[in-house]
Structure formats: C-alpha cells, structure tokens
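Fold and contact review
Residues per chain are reported as follows:
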Amino acid sequence: MPATIPSRRGATSPAQRAATLAVVGLMLLFVAWFSAYSIRLHEAQLTHKSDLGQMDQAIWNTAHGRFLQETKIDRASTRLTDHVEPIFLPVSLVLWLWDDVRALLVLQAALLAAGAWPIYLFARGRLAALLPAGAAAWGGATFAAAYLLAPALQAAAVSEFHALPLAAPFIATALWAVDKRRWGWFALAAALVAMTQEGAALLTVTLGLYAAARGLLPRRGAARRLPGLAAGAAVALFGLAWFYIATFVIVPRFAAEAYAIGQTPYAARYGALGDSFADVVIALITRPLTVLRIAAEPLRAGYLVGLLLPVAGLALLGPEVLLLSLPLLLANLLSSYPLQYSGELHYSAALIPFFAAAGAAGAARLLRWLTRLRLSAHWGGAGLFGLVILCALGYQVAEGFTPMGREFRLAGWPRVTEHERLLARFAAQIPADAALSTTPALHPHLSHRQRIYVFPVIADAGYVLVDVSGTTDQHPVDVRNTLEGLLSSGEFGVLDAADGYLLLQRGLASRDIPAAFYDFMRPAAQPEHMLDAPFGERLALVGYDVVDNPKWRLTRLRLRTR
C-alpha cells in the first residue's frame with residue numbers, strides 16, 4: 001500500500017495540517033459570508049412572515065416556556081399543525097445569548113458549515129488506505145470544499161430560516177461515526193436528524209439500516225459486530241417509530257384543529273401519486289412507470305444533475321451511501337411544488353452531505369479499481385480531486401450564492417436605504433409585550449412577542465404597523481380601505497407615520513395622517529421613461545420604469561404618478 005504510516009501515534013505531516021487548516025478556513029469563510037449576507041437580506045426587508053417570522057416567533061415562544069407556539073391567522077396556535085421540529089427546543093437557547101432574530105441566521109450558517117468537518121473526516125478515512133496520509137487529507141478537504149460550494153446547501157443559508165437544513169451536520173456526523181464505529185456518536189447524531197423534522201426521521205431509518213449493515217462487515221471476532229448491529233437496529237426502529245408518531249399522530253391531531261384535515265397538509269403536494277401518504281407509498285410500489293415518467297421530466301432531471309455536479313458525478317459510484325438519501329430525494333423529486341426540485345430554498349440542503357459522502361466513497365472505489373489495474377492511485381487521486389474542484393467551482397459560478405456565483409451576481413448585495421432604516425423608529429414605539437398586526441416584510445423584525453398578526457388581521461392587536469410601499473399581501477385599494485375603516489371606526493388613532501409607514505394605536509384620538517407619510521410617493525430619481533398623461537385634475541402619469549428580473553425571466557412596469 002502506498003499509504004505513509006506516521007512515526008508515532010497521532011503524528012501528522014505538514015500536508016495533513018495544511019489540509020485541516022484549509023477546511024477550517026473554508027468553514028469560517030462560509031459562516032462569515034452567509035451570516036453577513038442573510039442578515040443583510042433581513043435588514044433590506046427581504047425576509048418575511050413566511051418563513052423567518054413564523055419560525056422566529058415559535059422559537060422565541062419556546063425560549064419563554066411556550067413550546068412551538070405561534071400565531072396562526074387570528075389565534076394562538078402551534079407549529080405542530082405542519083411539522084414536528086423538536087430541534088427548536090435547543091435552538092431556542094441561542095436567544096438567551098442574543099435576543100435577536102439575526103441570531104437564528106448566524107446559527108443556521110454555522111450549522112451548515114459545521115457539516116464540512118465530518119465530511120472531511122469521512123473522505124479522509126475512506127482514502128487513507130489508498131493514498132499517502134497527506135494526499136488522503138487533501139482528498140478529504142476536496143470533498144469538504146465540494147460540500148460547502150454546493151449551491152443547494154448555500155440556498156438554505158439565504159432562504160430565511162428552517163429546521164430541515166439543520167440536519168445536514170448531523171447526517172454528515174452519523175456517516176463518519178459509522179465508518180469509525182463510534183456507535184454512541186452515531187446514535188446521538190441520527191437521533192438529532194429525526195428531531196429536525198418528522199420527514200427526516202426516515203433518513204434516521206436509512207442511516208440505522210446502513211449502520212447495521214456496516215456493523216456486520218467482517219471483523220475479528222463476532223463480538224466486534226454486535227455493537228454496530230445493535231446500534232443500527234435500535235436507531236432504525238427509533239426513526240420508524242418517531243416518524244409514525246410525528247406524522248400520523250401528532251400532526252393530524254393539531255392539523256384537524258387548524259385546517260380541519262386529518263393528515264399532514266403537505267400530502268397534497270403529490271397529487272399525481274395520490275392525496276395521502278399511504279397513496280404515495282402504494283404508488284411508488286405499484287406504479288413505477290408513472291414515478292419514472294415524473295422523475296424524468298427535464299426540470300426534475302436537471303435537479304438531479306445539479307446535486308451530482310459538485311462532486312463530479314462520483315456519488316453514483318457510492319450507491320451504498322447515496323441511496324440513504326432516497327426518502328428526502330424522492331420527496332423533493334416527485335413533488336408537484338416546483339421549488340422542492342428547483343435546488344433553491346431550503347429543501348435540498350439535507351441531501352448535500354449524502355452526495356458529498358457518496359462522492360468520497362465513489363472516489364475511493366475508483367482509486368481501488370485503478371490500483372487493481374496496476375495504475376497509480378496517487379496520480380489518479382490528484383486527477384480526481386482536481387476534477388471535483390473544477391466541477392464544484394464551475395457549478396458554483398453557474399448557480400451559486402457566493403460573490404463568484406450567478407445567483408449573487410444577478411441579485412447583488414442587498415441595498416438598505418433610509419426607508420428600511422426608518423423602521424427602527426416605529427419599532428421603538430411598540431411595547432415588547434403588545435399584540436401587533438403588521439405586514440409580511442415587517443413581521444420578522446417584530447416577531448419576538450407572544451401575539452403577532454399579519455395585516456389585515458387585527459384581532460386583539462393594540463398596535464397596527466403597515467408599510468404601504470412594501471409587501472402587504474393586499475391590493476393597495478384594499479389596504480387603504482382597511483386603514484380608513486380602522487380610523488373612521490374610532491377604534492384606532494395615528495401614533496406616527498412617515499415614508500409609507502403608518503403606526504396606529506388602539507384608543508388614540510388622532511385621525512390625521514401627516515404629510516410625511518406620502519414621502520414614498522415622491523421618488524428622488526426621475527422615471528426611466530418620461531410621460532405627461534393627466535387623469536382628471538388630481539392624478540397624472542409622469543413616467544414609468546422597466547424592471548427586469550433575469551432570474552425568473554419576468555419584466556414588470558413601475559408607474560410614476562403625481
């Protein structure tokens with residue numbers, strides 16, 4: 001074997017140390033960039049009630065003893081109507097350290113980055129028997145980099161905050177622990193995977209089956225096989241039991257109250273295969289041609305290619321690891337909701353550790369074949385790792401969210417204007433314990449409270465804060481009518497207003513909206529295309545702007561009036 005044996009236990013070469021430092025450096029860069037980027041998106045009011053606001057409120061309530069409580073329409077409810085996410089209990093502890101929604105964005109970036117370390121250890125371990133220690137370490141660093149460069153992982157970091165992506169580091173840890181036969185670490189990591197979301201419990205099942213199978217591999221003495229078999233079987237049974245309880249007992253119990261349905265509301269996303277979880281499972285077995293036809297649609301096939309590209313397709317040579325992702329992969333691939341198989345948002349982040357680890361397993365298998373053909377595994381490894389880096393960087397440029405990536409180049413660094421900064425003035429006037437009704441883009445800035453409604457729902461809100469120049473989920477005429485109705489009823493009065501923000505307080509007498517409220521209608525810049533088209537004596541169209549969205553291939557007109 002070409003592997004170099006250290007001269008003493010625990011000794012490392014300069015190449016190993018350099019590879020380790022490279023991985024740590026990449027992880028820190030990931031955390032720094034995506035923390036800053038996601039916080040900037042939030043400060044630019046590009047986050048919303050769905051999903052940062054509602055997640056933050058549930059976690060904040062959990063930190064204050066109200067487990068997963070959130071406001072749904074006009075009443076106190078629970079996130080258990082949609083998902084079972086016990087991981088939010090330990091996550092809520094971060095708000096004790098920093099009582100700010102931005103803490104969740106930093107935590108999410110840190111946990112996503114943390115998955116690179118067990119991927120590094122997993123890949124290094126798989127390559128260690130085939131390459132010198134330094135080369136194996138750099139091979140591990142290659143797959144850790146591919147993990148961090150995967151656009152589907154990065155998409156979760158810039159898509160507000162969700163529970164499922166938090167499974168990524170635990171999945172990677174479980175895979176490493178199985179290889180190293182660290183059964184205690186494996187059981188803990190696999191259990192945490194199940195705690196992120198009820199559907200992820202099926203990944204715990206596949207991880208348990210994998211551990212049991214690995215535990216049966218030939219070792220010296222039957223006693224050496226028993227711990228792996230026992231740990232794998234126990235974890236698989238736990239995952240299956242938890243999936244059943246969460247999906248068929250807990251969610252239906254609360255969904256029946258909130259939605260008047262007796263199952264998870266997300267079963268409706270698989271209409272082509274059935275309208276219940278049981279129907280979908282039966283269709284997977286009895287209608288394989290239908291399943292293949294759906295999976296082969298161009299956008300879905302492209303989704304699969306996008307998952308494989310960061311590891312240069314080598315994951316296909318590690319099917320024993322890749323197949324462990326099947327529950328989540330099929331859930332995304334066969335969904336009728338396009339964003340699940342777009343590679344964007346948060347849906348695919350938990351798949352990336354499987355693909356990265358399968359890529360490392362595939363590389364090790366290919367190098368083993370080269371050795372049997374009496375070819376140089378060392379030079380073969382250098383070529384493979386170079387190919388992986390080339391593919392990972394190329395796909396990052398094509399679809400990624402770092403400064404070199406297309407998604408960032410299209411959107412640019414989010415602009416925070418004086419309008420967004422003005423929100424702090426209004427937020428400071430709303431007591432922390434007051435019930436509030438607000439518009440979707442303002443919701444996550446104000447969601448650290450027990451009751452918060454999405455305007456126009458008022459319920460028992462003592463304050464109403466709207467930004468008529470932003471996202472309101474209502475037609476502008478309906479927004480105006482609702483606000484005029486609140487003022488004319490005498491129930492609310494104007495506390496403050498400026499640049500499109502209007503803050504009402506229950507019981508105030510003032511009905512006059514100050515002139516500063518209309519500042520948002522007085523843009524400093526001239527329209528791109530000038531016009532002079534009067535509509536009666538009170539309104540004139542003075543120009544318009546053409547606003548292109550190249551990402552979604554949409555063009556809209558922004559009209560300017562006086």
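Let me begin by describing the structure that accompanies this report. The structure displayed is predicted, hence computed values, not measured ones.

The next thing to look at is the overall build of the chain. Regarding its fold elements, the chain presents 23 helices and 10 strands. Against the compact-globule benchmark of 24 Å for 562 residues, the chain has a radius of gyration of 27 Å, which places it among compact chains. Seen through its C-alpha atoms, the chain measures out along the principal axes to roughly 90 × 50 × 50 Å. Within the span of the chain, comprising 562 residues, buried residues form 51% of the whole. Within the chain, residue pairs in contact and separated by at least 24 positions form 65% of the contacts whose partners lie at least 6 positions apart. Here the chain displays about 25700 Å² of accessible surface, and carbon together with sulfur accounts for 64% of that area. When the 47 basic and 38 acidic side-chain charges of the chain are each reduced to a single mean position, those positions are 17 Å apart.

Another aspect to go through is the sheet that holds strand E7 (residues 501-506). On the basis of which strands lie adjacent, the open sheet formed by five strands has the order E4-E3-E5-E7-E6 and mixed pairing. The outermost strands of the open sheet, each flanked by one partner alone, are strand E4 (452-454) and strand E6 (492-498). Neighbouring strand axes in the sheet, compared pairwise and without regard to direction, differ in orientation by 20° on average. The pairing of E6 with E7 spans six bridges and is antiparallel. Each bridged residue has a counterpart across the sheet, and for Phe 492 the counterpart in E7 is Arg 506.

Attention now goes to the packing of helix H11 (residues 201-215) against helix H12 (residues 226-259). Viewed as axis vectors pointing N to C, H11 and H12 meet at an angle of 165°, and their least axial separation amounts to 7 Å. Judged by the inter-axis angle, H11 sits roughly antiparallel to H12. In the crossing of H11 with H12, the sense of the turn from one axis to the other is left-handed. Side by side, H11 and H12 meet where Ala 201, Leu 202, Thr 204, Val 205, Gly 208, Leu 209, Ala 211, Ala 212 and Gly 215 of the first sit next to Gly 228, Leu 229, Gly 232, Ala 233, Val 235, Ala 236, Phe 238, Gly 239, Leu 240, Trp 242 and Phe 243 of the second. For the contact of H11 with H12, a count of residues per class yields 14 nonpolar, six polar and no charged.

For the peptide bond that leads from Ser 50 to Asp 51, omega is 20°, which places it in the cis range. Relative to the assigned elements, Asp 51 resides in helix H2 (residues 49-63). Here Phe 455 and Pro 456 are connected by a cis peptide whose omega angle stands at 20°. By the element assignment, Pro 456 lies in the loop between E4 and strand E5 (463-467). The phi dihedral of Ala 260 falls on the positive side, at around 60°, and the residue is not glycine. The class for Ala 260 is exposed, based on a relative accessible area of 68%. Positive phi, close to 55°, is recorded for Leu 345, a residue that is not glycine. With respect to the secondary-structure elements, Leu 345 resides in the loop between helix H17 (326-333) and helix H18 (352-372). Residue Leu 345 is classed as partly exposed on the basis of its relative accessible area of 27%.

Bringing helix H14 (residues 288-295) into the picture now. Looking only at H14, the buried set comprises Thr 290, Val 291, Ile 294 and Ala 295. For H14, the arc enclosing every buried residue in end-on projection is 130°, short of the 170-degree limit, so these residues lie on one face. H14 presents Leu 289, Leu 292 and Arg 293 as exposed residues on the side facing more than 90 degrees away from its buried surface. Buried-residue contacts for H14 involve helix H13 (277-286), helix H15 (298-308) and H17.

Definitions and cut-offs
Residues numbered from 1 in each chain as written. Predicted model: local features only at pLDDT ≥ 70, side-chain atom pairs only at ≥ 80, totals over all residues. Heavy atoms only, no water. Helix = DSSP H or I, 4+ residues; strand = E, 2+ residues; numbered from the N terminus. Rg over C-alpha atoms; globule rule 2.2 N^0.38 Å. Buried < 20%, exposed > 50% of the residue type's maximum accessible area, 1.4 Å probe, protein only. Contact = heavy atoms within 4.5 Å. Areas by Shrake-Rupley, 256 points an atom, 1.4 Å probe, with all protein chains shown as cover. Lys, Arg positive; Asp, Glu negative; His and termini not counted. Charge placed at Lys NZ, Arg CZ, Asp CG, Glu CD. Pairing = 2+ DSSP bridges. Axes fitted to C-alpha atoms, helices over the stretch in contact; angles between N-to-C directions. Parallel < 35°, antiparallel > 145°, perpendicular 65-115°, else oblique. Left-handed = near helix turned anticlockwise from the far one by under 90°. Nonpolar A, V, L, I, M, F, W, Y, C, P; charged D, E, K, R; others polar. Arc of directions from axis to C-beta.

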